[in-house]
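One-letter residues, chain by chain:
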Amino acid sequence: LSRSLKRLALAAGCMLVLAGLVAAGDVRAQGSGGPVASRIQAFQADGYGRLIITFEKDVPSFEVSASTGVLVISFGEPAGPDVTEAFEMIGNYVTAARRDPDGRAIRMALAQPVSVNTMKAGEKLFVDLLPEGWVGMPPGLPQEVVAELARRAEEAEDRRREQELLEKFRNSTPVDVRITSLPTFTRFV
């Protein structure tokens, strides 16, 4: 009976230690911030393919490379969106796509040789797949994105001006004012 109790106590102790290690791992994983939320859209327009990756906040650091039929979009932190449905929308340019298990890259098998043009706009990353015979300037940002960026810039400028006026007010010297009231007028001196 004594030996059985010792084994039971040893097993219980091991279970507590194991539970503590698992809990510590969970806390460490939660504290790391986790992946950046993102989603991807894809479409074909005017002779090129476009991917639009929208992030929860600003676009994280990224790098794009295309070589030997593979397009790789790498991120500085886990931020890659799920690409299972997006590549079907640009079948003329991409035949298969996957996200790396750690979420730090998206890899796409290209159906044809392309040159890649990227543009950042706020929390959106635009990746254009231009076919081999593309002539002229790469496509620009959609008008609604440009209008939204202009609106944000105006709001930021308004906030800057308000802050500047507030600072001037805080740093101004006080003024002594005397008020005199008579039945027909009031005078401020």
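Here, every reference points to the structure presented above.
Source: prediction; values computed, not measured.

### Focus on the nonpolar core
In this structure, Leu51, Ile73 and Val94 are the most contacted members of the largest nonpolar core, which totals 24 residues. Contacts of Ile73, omitting those with residues within four sequence positions, involve Leu51, Ile53, Glu63, Val64, Arg104, Ala105, Ile106, Leu125 and Val127.

### Focus: the pairing of strand β2 (residues 48–55)
Most of β2 sits inside the fold, with eight of its eight residues counted as buried. Side chains Tyr48, Arg50, Ile52 and Thr54 of β2 all project onto a buried face; the interleaved residues Gly49, Leu51, Ile53 and Phe55 project onto the opposite face, where all are buried too. Bridging between strand β1 (residues 38–45) and β2 involves eight bridges; their strand directions are antiparallel. Residue pairing across strands places Arg39 opposite Thr54, the latter belonging to β2. Where β1 folds back on β2, the antiparallel hairpin that results is connected by two residues, among which Asp46 adopts a positive phi of roughly 50 degrees. Strand direction decides the pairing type here: β2 and strand β8 (residues 124–131), joined by six bridges, are antiparallel. What sits directly across from Arg50, in β8, is Asp128.

### Some thoughts on the packing of aromatic side chains
What the rule picks out here adds up to two aromatic pairs. When the ring of Tyr48 is compared with that of Trp134, the centres are 5.8 Å apart and the planes differ by 85 degrees; the resulting orientation is edge-to-face. One end of the pair, Tyr48, is in strand β2; the other, Trp134, is in the loop between β8 and α2 (143–171), and 86 residues separate them in sequence. Of the residues examined, Tyr48 reaches a relative accessible area of 8% and is grouped as buried. Their ring planes at 75 degrees and their centres at 5.6 Å tell us that Phe55 and Phe75 sit as a pair that is edge-to-face. Taken together, the residues Phe55 in strand β2 and Phe75 in strand β4 (residues 70–75) connect sequence positions 20 residues apart. As far as burial versus exposure is concerned, Phe55 and Phe75 are alike and both buried.

### Observations regarding the environment of Gly49
Among the structural elements, Gly49 can be located in strand β2. For Gly49, a relative accessible area of 0% translates into the label buried. Residue contacts for Gly49: discarding those within four places in its chain leaves Phe43, Gln44, Ile90, Tyr93, Val127, Asp128 and Leu129.

Scoring rules and cut-offs
Residues numbered from 1 in each chain as written. Predicted model: local features only at pLDDT ≥ 70, side-chain atom pairs only at ≥ 80, totals over all residues. Heavy atoms only, no water. Core = buried A, V, L, I, M, F, W, Y, C linked by side-chain atoms within 4.5 Å. Buried < 20%, exposed > 50% of the residue type's maximum accessible area, 1.4 Å probe, protein only. Contact = heavy atoms within 4.5 Å. Helix = DSSP H or I, 4+ residues; strand = E, 2+ residues; numbered from the N terminus. Pairing = 2+ DSSP bridges. Phe/Tyr/Trp six-rings, centres within 6.5 Å; stacked < 30°, edge-to-face > 60°.

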